[in-house]
Protein chains: 2
Amino acid sequence: MVRPTMEDVALRAGVSRALVSLVMRGSPKVSDLRRTAVLKAAEELGYSPHAMARSLASRTSTVLGVMVSDLHNAFFAEVVDGIDEVAREQGFDIIINTGGRSPARERRALQSLLSFRPAGLVLLSPVVPATAIGKAAEQLPVVLVARSSRVSTVDTVNDDGETGARLAVEHLVSLGHKRIAHLDGGEGTQASPRRRGYVAAMEAHGLVPQVVSSEYTDAAGARAIRSLIADDALPTAILSCNDFNAVGAISALEDAGLRVPSDVSVVGYDNTSLAALRHVSLTTIDQPRAEFGRLAADALLQRVREERTEPVRHLLNPSLVVRSTTAPPGGPR
Amino acid sequence: MVRPTMEDVALRAGVSRALVSLVMRGSPKVSDLRRTAVLKAAEELGYSPHAMARSLASRTSTVLGVMVSDLHNAFFAEVVDGIDEVAREQGFDIIINTGGRSPARERRALQSLLSFRPAGLVLLSPVVPATAIGKAAEQLPVVLVARSSRVSTVDTVNDDGETGARLAVEHLVSLGHKRIAHLDGGEGTQASPRRRGYVAAMEAHGLVPQVVSSEYTDAAGARAIRSLIADDALPTAILSCNDFNAVGAISALEDAGLRVPSDVSVVGYDNTSLAALRHVSLTTIDQPRAEFGRLAADALLQRVREERTEPVRHLLNPSLVVRSTTAPPGGPR
DNA sequence: TCTATTGGTTGGAGCGCTCTAATGCTGTAG
DNA sequence: CTACAGCATTAGAGCGCTCCAACCAATAGA
């Protein structure tokens, strides 16, 4: 259980510790003779460099910290893929940590990540207060994904929720719908731009917005539909705040003997893997998740390399994915 | 961007660096007077200890590395929750890393994790060859979750797939089914114990097993059903290798004009959040995921503290969750 | 009064590495 | 034959911390 050190390799190869260090970092100013000798010795001993000692000594880090607010959400997995892709290309490793949606745990996760002194930090939809983020940003570059910030030292990557909602409304309008309700995401992140976009798009088409308060879960979507039915206020189309909510809504509609999309059309938001299931086949709004990750990593690395100091604000365009839950009102002909 | 060190705190508090170190580690042998002075100085400077320097100096680590083979799978998120819970209780932090289901990336992830010299490693359903795991296990304690191993220095935590499959078969048999097919998981992890359990349970009830080759995806589940229908070999009940496969099967059955569960019953495996959606409401086999994580962390920490050297093999019992996709053959009365 | 004992505090070595400056060693020019 | 590059190599300091042994009161026991 005791790992060999650079000293051991140096001794075995008959050179100095400094030379081993040069070889390990791939320096060109080492003779082939010594290089092969060192590599051979390292191989024989099963030596691999000690990342912490290295970063301590060099006062630099090749690690990016990533805090994922909720590991259960596949949304973040794809963002992480994007981050990982760019980081790897540029010789950085990533370490991930999770906050479990609780500010206290998230704070702890942040602390833990910082204790490794990474080169930079990506926070995916964090729920900690802005002050905590600002404090971290004083110590190292920080990029926020799926959360906006006014802190001038922090870069952000978000989707344009207004545009997304507008796309959905326009799709429904073009199918001939006039009564379109929005099941709202309440306090959830990104709920308000989506609501704003919905309202604006409805008014732009001379239609009356109908916002129903709801949440980001399938149970909430079902509840909202039941209350609409009870109030006899069911429209011909529904724009849910996310895919889960939409699936709950569909299920409540079917329970009530209504058919989707013949009687009611439903549009989700996020294009999660759930929406793609043939059994669900939900029309929804897609966000370029991997692109979120790539842009976040790029922005972070620019700051790490001190190529930029002004904050950058990416606002990415979502797109409409039409599947089987939308049709003209009165059913498809 | 330059972070304060212990020296800075010591200077500000008017004490020695060693005393600050004692305070930071919560030593009892520090007077209250000095302790508060040090904590105040640390607070004012925004100081937090440098984990790497600490671990380098102490030659110990309070970090557990977790490698998740696939971040997209919510199964692992709950296991991580369990690990995190136990680790935190015992004063350990975790860092996560992902292998993206590819052996090459996973190898890299492993290397990266090892370079932090964590106290131990939990590998969640890794796909790297056993030799790579064995090599890692020479350097530090390793626990495998959802993958078995014969390496004697490695602990494992698995569910008992045979029992799970048996539970499903017995549920269907008790409903009156005699023709029950299994949509097999092919090469996937845990596919073979599930298949074995299915076959054994069928034979135990004097029934003829019908194994249909399939995969862990919804598209594969749908394909398998279509081929069964084409061969005119559709049974009255289906046991899928996992929930995704089951949802694909249901969708194909409905496309063919058959109703679930009146015409055909379907049972999934894993009890993912998908299964719990009201729109799906799938009867399935639940695995105690958080318990997997807790047991894995416990096992790892026992080894870290050198309380145990013989390997431990946890085999946890799954349980049946009955929802709305199973009923007696010929439909519910 | 003198020696132990105890509890709090500190200097200094050292963890595995990087980095700077210095070293030795050619080879070439003056 | 000296001077000076130019190159490969190395000694040594130091990154931020822990840990050990030493130290220093202050009190207790003889």
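Residues numbered from 1 in each chain as written. Chains lettered and ligands numbered in written order. Predicted model: local features only at pLDDT ≥ 70, side-chain atom pairs only at ≥ 80, totals over all residues. Heavy atoms only, no water.

Trainee: Describe the protein's contact with DNA strand D, with residues and values.
Mentor: Met6, Arg17, Ser21, Arg25 and Tyr47 of chain B are the nearest of the 26 residues found near DNA strand D. Residue Arg25 of chain B places a side-chain N or O atom 2.5 Å away from a phosphate oxygen belonging to DNA strand D. In the environment of DNA strand D, a base nitrogen lies 3.4 Å from a nitrogen or oxygen atom belonging to the backbone of Ala53 of chain B. Of all the secondary-structure elements, those providing two or more residues to the surface near DNA strand D are helix H2 (17-24) and helix H4 (51-58) of chain A together with helix H2 (17-24) and helix H4 (51-58) of chain B. For the surface near DNA strand D, a count of residues per class yields 13 nonpolar, 6 polar and 7 charged. (Near = heavy atom within 4 Å. Polar contact = N/O pair within 3.5 Å; in protein donor to acceptor, adjacent residues only side chain to side chain. Helix = DSSP H or I, 4+ residues; strand = E, 2+ residues; numbered from the N terminus. Nonpolar A, V, L, I, M, F, W, Y, C, P; charged D, E, K, R; others polar.)

Trainee: Now, about the environment of Asp232 of chain A: what can you tell me, with residues and values included?
Mentor: Residue and element names in this part refer to chain A. With respect to the helices and strands, Asp232 occurs in the loop between helix H10 (218-230) and strand E8 (237-240). For Asp232, a relative accessible area of 72% gives the class exposed. On a C-alpha basis, the gap between Asp232 and Asp8 in space is 80 Å, while along the polypeptide they are 224 residues apart. (Buried < 20%, exposed > 50% of the residue type's maximum accessible area, 1.4 Å probe, protein only.)

Trainee: Describe in detail unusual backbone geometry, supporting the description with residues and values.
Mentor: Residue Pro261 of chain A is reached from Val260 of chain A by a cis peptide bond, and omega for that bond is 5°. Positionally, Pro261 of chain A belongs in the loop between helix H11 (243-255) and strand E9 (265-267). Phi is positive for Arg59 of chain A, close to 60°, though the residue is something other than glycine. Here Arg59 of chain A shows up in the loop between H4 and strand E1 (63-68). Under the relative-accessibility criterion, Arg59 of chain A is labelled exposed at 74%. Positive phi, normally seen in glycine, also occurs at Arg117 of chain B, with a value near 45°.

Trainee: Provide a residue-level description of the relation of the copies chain A and chain B, including the pertinent values.
Mentor: Superposition of chain A onto chain B requires a rotation of 180° combined with a translation of 0.2 Å along the rotation axis, giving an RMSD of 0.4 Å. Expressed as an axis order, the relation between the two copies is that of a two-fold axis. Using C-alpha coordinates, one finds that chain A approaches the rotation axis most closely at Ile96 of chain A, a distance of 2.3 Å. A shared binding surface is used by both copies, with 100% of the interface residues of chain A retained as interface residues in chain B. (Least-squares fit on C-alpha atoms with pLDDT ≥ 70 in both. Contact = heavy atoms within 4.5 Å.)

Trainee: Give a description of helix H7 (residues 130-139) of chain A that names residues and reports values.
Mentor: Given 3.6 residues to a turn, an α-helix orients residues that are three or four positions apart in the same direction. Within H7 of chain A, burial applies to Ala132, Ile133, Gly134, Ala136, Ala137 and Gln139 of chain A. On the buried face of H7 of chain A, the contacting elements are helix H6 (103-114), strand E3 (120-124), strand E4 (142-145) and strand E5 (154-159) of chain A.

Trainee: Provide a residue-level description of the domain arrangement of chain A, including the pertinent values.
Mentor: All names here are of chain A. Here chain A is described as being made up of domain 1 (6-49), domain 2 (61-159 + 289-315) and domain 3 (161-287). Once you take the C-alpha centre of each, domain 2 and domain 3 turn out to be 30 Å apart. Taken residue by residue, the interface counts 8 residues in domain 2 and 9 residues in domain 3. Carbon and sulfur atoms make up 34% of the area that domain 2 and domain 3 hide from each other, which totals about 720 Å². Contact with domain 3 buries surface across domain 2, with Phe75, Asp159 and Arg289 losing the most and accounting together for 70% of the total. Taken together, domain 2 and domain 3 are joined by 1 salt bridge. A salt bridge links Arg289 to Asp286; the nearest nitrogen and oxygen atoms lie 3.4 Å apart. For the pair domain 2 and domain 3, the interface holds 7 residue pairs in polar contact (both at pLDDT 80 or more). Counting only elements with at least two residues in the side of domain 2 that touches domain 3, the list comes to E5 and helix H13 (289-304). Its residues placed into classes, the side of domain 2 that touches domain 3 shows 3 nonpolar, 2 polar and 3 charged. (Domains from an automatic or database assignment. Buried area = accessible area lost by both parts, 1.4 Å probe. Salt bridge = Lys/Arg side-chain N within 4 Å of Asp/Glu carboxyl O.)

Trainee: Give a detailed account of the environment of His279 of chain B, specifying residues and quantitative values.
Mentor: Examined against the element boundaries, His279 of chain B turns out to sit in the loop between helix H12 (273-276) and strand E10 (284-286). With relative accessibility at 14%, the residue His279 of chain B sits in the buried group. Measuring from C-alpha to C-alpha, the distance between His279 of chain B and Ala165 of chain B comes to 24 Å, with 114 residues separating the pair along the chain. Once residues lying within four places of it in the same chain are set aside, the contact partners of His279 of chain B are Val247, Ile250, Ser251, Glu254, His279 and Val280 of chain A.

Trainee: Talk me through the sheet that holds strand E6 (residues 180-184) of chain B; I want residue IDs and the actual numbers.
Mentor: Residues and elements named next belong to chain B. Read across the open sheet, the 4 strands follow the order E7-E6-E8-E9; overall the sheet is parallel. One side of each edge strand has no neighbouring strand; the edge strands of this open sheet are strand E7 (210-213) and strand E9 (265-267). Sheet twist, expressed as the average angle between the axes of neighbouring strands with direction ignored, equals 25°. Pairing of E6 with strand E8 (residues 237-240) involves 4 bridges; the strand directions are parallel. Residue pairing in the sheet places Ile180 in a bridge with Ala237 of E8. On the sheet, helix H9 (residues 191-204) packs against E6, E7 and E8 and is oriented at approximately 170° with respect to E6. On top of the sheet, helix H10 (residues 218-230) reaches E6, E7 and E8; it is set at about 140° to E6, its chief contact. (Pairing = 2+ DSSP bridges. Axes fitted to C-alpha atoms, helices over the stretch in contact; angles between N-to-C directions.)

Trainee: Outline the interface of chain A and chain B, listing residues and values.
Mentor: Interface size, as often reported, equals the accessible area lost upon joining of the parts. At the junction of the two partners, chain A supplies 56 residues and chain B supplies 56 residues. Of the roughly 5,500 Å² buried between chain A and chain B, counting both surfaces, carbon and sulfur atoms make up 57%. Summed over the three residues of chain A that lose the most area to chain B, namely Arg117, Arg278 and His279 of chain A, the buried surface amounts to 14% of that side. In this structure, the salt-bridge partner of Asp84 of chain B is Arg105 of chain A, at a minimum N-O distance of 2.7 Å. Linking chain A to chain B there are 20 residue pairs in polar contact (both at pLDDT 80 or more).

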